[in-house]
Amino acid sequence: MYLSRDDMVALCSLSELIQLSKDEMGSHYDYQATEPDWVLIDRAIEYACQVADGYLSGRYALPLKQTPTLLMHWCADIARYHLHKRRINASELPKPLQASYDDAIKLLSQVRDGKLHDERGAYQVRSRGKADWSGY
């Protein structure tokens, strides 16, 4: 796992996780909840980590020995998006949430394609080399 419950609480908030995971109880919503439904949170974390593994598996031996911080953030964005989709239609998702999810998937794609790679626990972007602009 690239993401823990504590990471999710730190990156989102406990109150957001409660709102996203507590479903209706009987005929009314449980507004007094002080803890999220950790089973649902764990499923979202597992889903996000499996999505990441799908992108990483062609490039790295899994499981990774060390989890880069960026990977934790990407998984959190995917898990958070997944939890929000339980509540609202994907077309109504807040734009920053959609953008974070899209960025996470884009960056994982770049890792998969070898355009972004891990060096000493941090992802680096590879370029084609320096262009010779001396004649301009």
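Residues numbered from 1 in each chain as written. Predicted model: local features only at pLDDT ≥ 70, side-chain atom pairs only at ≥ 80, totals over all residues. Heavy atoms only, no water.

K.L.:
For the overall build of the protein chain, give the residues involved together with the corresponding values.
P.N.:
The number of helices and strands found in the protein chain is 5 helices and 4 strands. Ordering the α and β elements of the protein chain from the N terminus gives α-α-β-β-α-α-α-β-β. Here the protein chain holds 136 residues, and the buried ones make up 35% of them. If you sum the accessible surface of the protein chain, you get close to 9,000 Å²; carbon and sulfur atoms cover 48% of it. (Helix = DSSP H or I, 4+ residues; strand = E, 2+ residues; numbered from the N terminus. Buried < 20%, exposed > 50% of the residue type's maximum accessible area, 1.4 Å probe, protein only. Areas by Shrake-Rupley, 256 points an atom, 1.4 Å probe, with all protein chains shown as cover.)

K.L.:
Break down the packing of aromatic side chains for me, citing the residues and quoting the values.
P.N.:
Aromatic ring pairs: the centre-centre distance and the angle between the two ring planes describe each pair. This model, assessed by the stated rule, comprises 1 aromatic pair. Between the aromatic rings of Tyr-81 and Tyr-101, the centroid separation amounts to 3.8 Å while the plane-to-plane angle is 10°, which identifies the pairing as stacked. Pair noted here: Tyr-81 is in helix H4 (residues 69-87) and Tyr-101 is in helix H5 (residues 95-112), with a separation of 20 residues, a long-range link. Note on accessibility: Tyr-81 and Tyr-101 belong to one class, buried. (Phe/Tyr/Trp six-rings, centres within 6.5 Å; stacked < 30°, edge-to-face > 60°.)

K.L.:
I'd like a description of the environment of Leu-70, backed by residues and values.
P.N.:
Along the chain, Leu-70 falls in helix H4. Exposure remark for Leu-70: the relative accessible area of 40% places this residue in the partly exposed category. Between the alpha carbons of Leu-70 and Leu-107 there is a distance of 9.6 Å; along the sequence they are 37 residues apart.

K.L.:
I'd like a rundown of the nonpolar core, residues and numbers included.
P.N.:
One finds Tyr-2, Leu-3, Met-8, Leu-71, Cys-75, Ile-78 and Leu-108 to be the most contacted residues of the largest nonpolar core, which totals 34 residues. Sorting the residues of this core by element identifies helix H2 (14-21), helix H3 (38-56), H4 and H5 as the ones contributing at least two each. With 10 residues, the top contributor of residues to this core is H3. With residues near it in sequence (within four places) discarded, Tyr-2 still touches Asp-7, Cys-49, Ala-52, Asp-53, Leu-56, Leu-62, Leu-64, Thr-67, Leu-71, Met-72 and Cys-75. (Core = buried A, V, L, I, M, F, W, Y, C linked by side-chain atoms within 4.5 Å. Contact = heavy atoms within 4.5 Å.)

K.L.:
Report on the pattern of salt bridges, specifying residues and quantitative values.
P.N.:
For side chains bearing opposite charge, pairing can occur when the charged atoms are close. If you walk through the whole model with that rule in mind, you get 3 salt bridges. Glu-16 is the salt-bridge partner of Arg-80, the closest N and O atoms lying 2.7 Å from each other. Of this pair, Arg-80 sits in helix H4 while Glu-16 is found in helix H2, placing the two residues 64 residues apart along the sequence. On the accessibility criterion, Arg-80 (27% relative accessible area) is partly exposed. (Salt bridge = Lys/Arg side-chain N within 4 Å of Asp/Glu carboxyl O.)

K.L.:
Please set out H4 residue by residue, giving values where relevant.
P.N.:
Between the first and last C-alpha of H4 there are 28 Å, a value that for 19 residues agrees with the 27 Å anticipated at 1.5 Å per step. All of the buried residues along H4 are Leu-71, Met-72, Trp-74, Cys-75, Ala-76, Ile-78, Ala-79, Tyr-81, Leu-83 and His-84. (Expected span 1.5 Å × (residues − 1).)

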